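Commentary on secondary and tertiary structure
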Amino acid sequence: MYFTQQIQLLWKNKFKIKIEDLIISLTGKELKGFENPAKSNSIFFTSWDGKLFLKSVNKNELDYFLKENGEYYSENEKNYFKGGIHDYFEYFKNGEEKSFLPQLFGFFKFEEKGNSYYFFIRNGLFPNNIPCLDYIFDLKGASYHRWREDEDKKKGEKENKNKENLEENKENKVIVYKELDFVRFKVEERKGKFPNGILLESKHYKEITETLKKDSSFLANYKIVDYSLLLGIVKNDGGEYKDYTNAQIKSYPAKCRNCYEIGENREQNLIIFVGIIDVLQSFNFTKILEFLWKITFIFPIYKAFPINIKQYQCSIIPPNQYQERFNDYIKTIIFKEEENEKKKIK
């Protein structure tokens, strides 16, 4: 285990979780593995109650934890650490209680047959005590190849060759939608699951967008890219809103118009769950080459969103541009102030 004393301080003072609860979640029943919905080769597990999420960490991601100025650091007698992880601890310790960044409950390594595997344990955004989600979206603010159908086509040939395995693992398959599934722009036409975005009360819109801006600024300072807003959406037909917010998850009441096939100009009440995921990818030499190759050979001019976003639309772009594009997309296309939208209709 790494950073045990620092993590224990966060458990007690900021994350409001007891070690007994962690042990029950991790050992009460067998961990559930599921198909990786992303392009990485990471291994994913959830605890039986959905309160914890485990993800394998590759060597490049370890740089954020342990590296600064080209040197690696580990625990010493004073329990002092350098690198991005030290400032992550400080960020939460200094009162960032409304952060959407993942809460790291543990970081460990185990070895099997000569191979080393690193995992971190974080809070689960969708525990079992919340309603069944209608949609899960992974949103970066990019548009190039960012829709579910496109990824399904890529996987189609491989899946057709393994139909038996696919049927056996159907229960573990998580459907995660992307930007162009949320809303797709064509000439004078909007399509997608939520063509008019998600409507929020002014106080919730301000809280979400300002918190995301603050969190993404922290990530940009450490040259982190490729993070996403993980958005869970539930249709709320029960009338009154039930708040599921606690120290580990954030929920908000919301509405959408012309969604769920409810008819033209009709509104649907929603409950949304919000968090940031994938915060360990540095804008390293490999990612710089990927960025340069795409902007040179794939799309010198490529835009899919009708908003004033100057950044390229591939997933990986330089950290400050990534942060700006991420926030512009979230506050312009995904979330909208309900009061302002009503004025437009009138």
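See the structure printed just above.
These remarks concern the structure in this document. The shown structure was predicted, so the numbers you read here are calculated from the model rather than taken from an experiment. (Residues numbered from 1 in each chain as written. Predicted model: local features only at pLDDT ≥ 70, side-chain atom pairs only at ≥ 80, totals over all residues. Heavy atoms only, no water.)

1. Focus on the nonpolar core
Generally speaking, soluble globular proteins have nonpolar side chains that are buried together. Here is the rule we go by: Put simply, buried Ala, Val, Leu, Ile, Met, Phe, Trp, Tyr and Cys residues joined by side-chain atoms within 4.5 Å make one nonpolar core. Relative accessible area decides the class of each residue, using a 1.4 Å probe on protein chains only: under 20% of the type maximum gives buried, over 50% gives exposed, and in between gives partly exposed. Domain ranges listed in this record stem from an automatic or a database domain assignment. Working rule for contacts: check all heavy atoms of both residues, and any pair within 4.5 Å makes them a contact.
F194, I198, L231, I233, I272 and F335 are the most contacted members of the largest nonpolar core, which totals 67 residues. When residues of this core are assigned to domains, at least three map to each of domain 1 (4-123) and domain 2 (135-159 + 175-282 + 319-345). Non-local contacts of I233, meaning those with residues more than four positions away in its chain, are made with L133, D134, Y135, F137, F194, I198, Y260, L270, I271 and I272. The next biggest cluster of nonpolar side chains, apart from the first, holds 12 residues, and it includes L133, I136, V176 and I277.

2. Description of the environment of T4
The condition is simple: A run of H or I in DSSP counts as a helix once it spans at least four residues, and a run of E counts as a strand once it spans at least two, with each numbered from the N terminus.
On the secondary structure map, T4 appears in helix α1 (residues 4-13). In the structure, T4 is positioned 102 residues away from G106 in sequence and 7.5 Å away in space, judged by C-alpha atoms.

3. What to know about empty space enclosed by the protein
Let me state the cut-off plainly: Of the two site types, the cavity is a set of points on a 1 Å grid over the protein atoms alone where a 1.4 Å probe fits but cannot get out, and the pocket is an open set with protein on both sides within 12 Å along at least five of seven lines, each lined by residues with an atom within 4 Å of a point. Grid points are joined across faces, edges and corners, and a volume is the space filled by probe spheres set on the points. Note on residue classes: Ala, Val, Leu, Ile, Met, Phe, Trp, Tyr, Cys and Pro are nonpolar, Asp, Glu, Lys and Arg are charged, and everything else, Gly too, is polar.
In the structure shown here, the tally under the stated rule is three cavities of 30 Å³ or more. Approximately 60 Å³ is the volume attributed to the largest cavity. Together, 13 residues line the largest cavity, and S99, F100, N123, L125 and Q248 are the ones closest to its centre. In terms of residue class, the lining of the largest cavity is built from six nonpolar, five polar and two charged. When we break the lining of the largest cavity down by domain, the ones giving at least three residues each are domain 1 (4-123) and domain 2 (135-159 + 175-282 + 319-345).

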